[in-house]
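Reading the structure
One letter stands for each residue in the lines below.
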Amino acid sequence: PWSDRIIHVTAFRNPNWKGAYNPAVIAKPAPVAWTFAETADAYILATPALSVHVSRADRNISFRTIDGKVILDEASGQRKTPGADEIGPAGSQGG
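A brief structural summary.

Criteria and cut-off values
Residues numbered from 1 in each chain as written. Predicted model: local features only at pLDDT ≥ 70, side-chain atom pairs only at ≥ 80, totals over all residues. Heavy atoms only, no water. Helix = DSSP H or I, 4+ residues; strand = E, 2+ residues; numbered from the N terminus. Buried < 20%, exposed > 50% of the residue type's maximum accessible area, 1.4 Å probe, protein only. Contact = heavy atoms within 4.5 Å. Areas by Shrake-Rupley, 256 points an atom, 1.4 Å probe, with all protein chains shown as cover. Polar contact = N/O pair within 3.5 Å; in protein donor to acceptor, adjacent residues only side chain to side chain. Salt bridge = Lys/Arg side-chain N within 4 Å of Asp/Glu carboxyl O.

Focus: the overall build of the protein chain
In terms of helices and strands, the protein chain carries zero helices and five strands. Within the protein chain, the fraction of its 95 residues that count as buried is 21%. Of the contacts made within the protein chain by residues no fewer than 6 positions apart, 32% connect residues no fewer than 24 positions apart. Here the protein chain has roughly 6,700 Å² of accessible surface; of this, 57% comes from carbon and sulfur atoms.

A word on the side chain of S51
One can find S51 in strand β3 (residues 50-55). Note on S51: relative accessible area 8%, which makes it buried. There is a polar contact of 3.1 Å between the side chain of S51 and the side chain of H53.

Some points on the pattern of salt bridges
Tallying each qualifying case throughout the model produces one salt bridge. As a salt-bridge pair, E38 and R56 come within 2.6 Å of each other at their nearest N and O atoms. Separated by 18 residues along the polypeptide, E38 in strand β1 (residues 35-38) and R56 in the loop between β3 and β4 (61-65) bring together distant segments of the chain. A relative accessible area of 52% places E38 in the exposed class. R56 sits in the partly exposed class, given a relative accessible area of 36%.

All we've got here are geometric facts, nothing functional implied.
Below, the structure is given as structure tokens:
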């Protein structure tokens, strides 16, 4: 987290991919209290202001208010994955 309201999520399947890190946020990171949890359905990173849920089933990401209201939710199968020439749509291998 950059702040309790800014979380930059980067994910890719190929551990050798060195993609360019180019955040849209121009700010200095600040110390942030955050927690990480795993459930049967998701990985969850939470700050005092919001949470990010990464689905275990399809890797889709949703951003939520601290009381669980969805702010932004990826549509299933719409992930644009870095190294797309090496990986097909979410959940598949090959292009």
